[in-house]
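Examination of the molecular architecture
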Amino acid sequence: MKTLIVYAHPEPKSLNNSLKDLAVSTLETAGHEVRVSDLYAMNWKAVVDAADYGPDASSPLKVALDSGRAFDAGTLTPDVLAEQEKLLWADTIIFQFPLWWYTMPAILKGWVDRVFTYHFAYGVGEHSDTRYGERFGEGTLAGRKALLSVTAGGPESHYAARGINGPIDDLLFPIHHGILYYPGIEVLPPFVLYGTDRMTDEDYPDVAKAWEQRLLTLESTEPIAFRRQNFGDYEIPSLQLKKGLEPAGRTSFGLHVRG
């Protein structure tokens, strides 16, 4: 298995860094190939601007169209091209980050904004009476799996169904479904650590054991059963879920998960 770890935390002594290092050692010991994109260490540029597209940038800037034109022409910046190459190389992508303000750190969102360009991560495939592009289960990155490894400062009860922060599956849905599944990546259930602001050194061995177990079962873990866009569950072009397919009582994000 070839694994790309995209890591976003500014502190080398952090729990997130320890989890990243443990992932590298565990997977390599098990015989897998691993590459790491340490975004802070790379001084990753987090903002999209005209410089990303060189001679293919328009005025006024049109991010989607310009990024697609630069991708087609091979004129994206070297840092973006390198990350796209890593994604195409990988079988599995692990995203290691803390949950800040209910989402990923800005530097990681900036990685997505710049790397997931038009004609690479989206804007691919045919549009017809039966298909609406290749996305949500199809696309450039189909055949790969992704796992979010997330640390949250609050206790688990805050992220439960009745918790004040909302269910963790709902908070992560925009990443799972909207960023990863959109270009075709199968999404594994997340590895979430709660109460990390109060975690002690004595707690770490149990955390490490649980993380190692998840890592060693990546290949056998079933992905979240998101519905595929072009395979009969949705009306086209409205992309509304067909009536009668939802399980009784299920609403909102849960509509887009089978079973």
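What comes next concerns the included structure.

Rules and cut-offs
Residues numbered from 1 in each chain as written. Predicted model: local features only at pLDDT ≥ 70, side-chain atom pairs only at ≥ 80, totals over all residues. Heavy atoms only, no water. Helix = DSSP H or I, 4+ residues; strand = E, 2+ residues; numbered from the N terminus. Buried < 20%, exposed > 50% of the residue type's maximum accessible area, 1.4 Å probe, protein only. Expected span 1.5 Å × (residues − 1). Contact = heavy atoms within 4.5 Å. Phe/Tyr/Trp six-rings, centres within 6.5 Å; stacked < 30°, edge-to-face > 60°.

Our next topic: the environment of Phe231. With respect to the helices and strands, the residue Phe231 is situated in helix α7 (residues 229–233). Along the sequence, Phe231 and Thr130 sit 101 residues apart, while their C-alpha atoms lie 9.0 Å from each other.

Following Ser59, the chain continues into Pro60 via a peptide bond in cis, with omega recorded as 5°. Among the structural elements, Pro60 can be located in the loop between β2 (33–38) and α2 (63–73). The linkage connecting Ile236 with the following residue, Pro237, adopts the cis geometry, with an omega of 20°. Although it is not a glycine, Asn43 adopts a positive phi angle of roughly 55°. Its place among the elements puts Asn43 in the loop between β2 and α2. For Asn43, a relative accessible area of 67% gives the class exposed. The phi dihedral of His119 falls on the positive side, at around 75°, and the residue is not glycine. Within the element layout of this structure, His119 appears in the loop between α4 (106–115) and β4 (145–151).

The end-to-end C-alpha distance of helix α6 (residues 204–216), which contains 13 residues, comes to 18 Å, matching closely the 18 Å that a straight helix rising 1.5 Å per residue would cover. In the core, the buried residues of α6 are packed alongside α1 (15–29), β3 (92–98), β4 and β6 (191–193).

What follows concerns the packing of aromatic side chains. Using the criterion set out here, one finds eleven aromatic pairs in the structure. Where Phe173 meets Phe226, the ring centres are 6.0 Å apart and the plane angle is 80°; that geometry is what we call edge-to-face. On the criterion of sequence distance, the pair formed by Phe173 in helix α5 (residues 168–181) and Phe226 in the loop between α6 and α7 is long-range, its members being 53 residues apart. Both rings, one in Phe173 and one in Phe253, keep their centres 4.1 Å apart while their planes meet at 5°; by these two values the pair is stacked. Placement of Phe173 in helix α5 and of Phe253 in the segment after α7 is noted, with a sequence separation of 80 residues between them.

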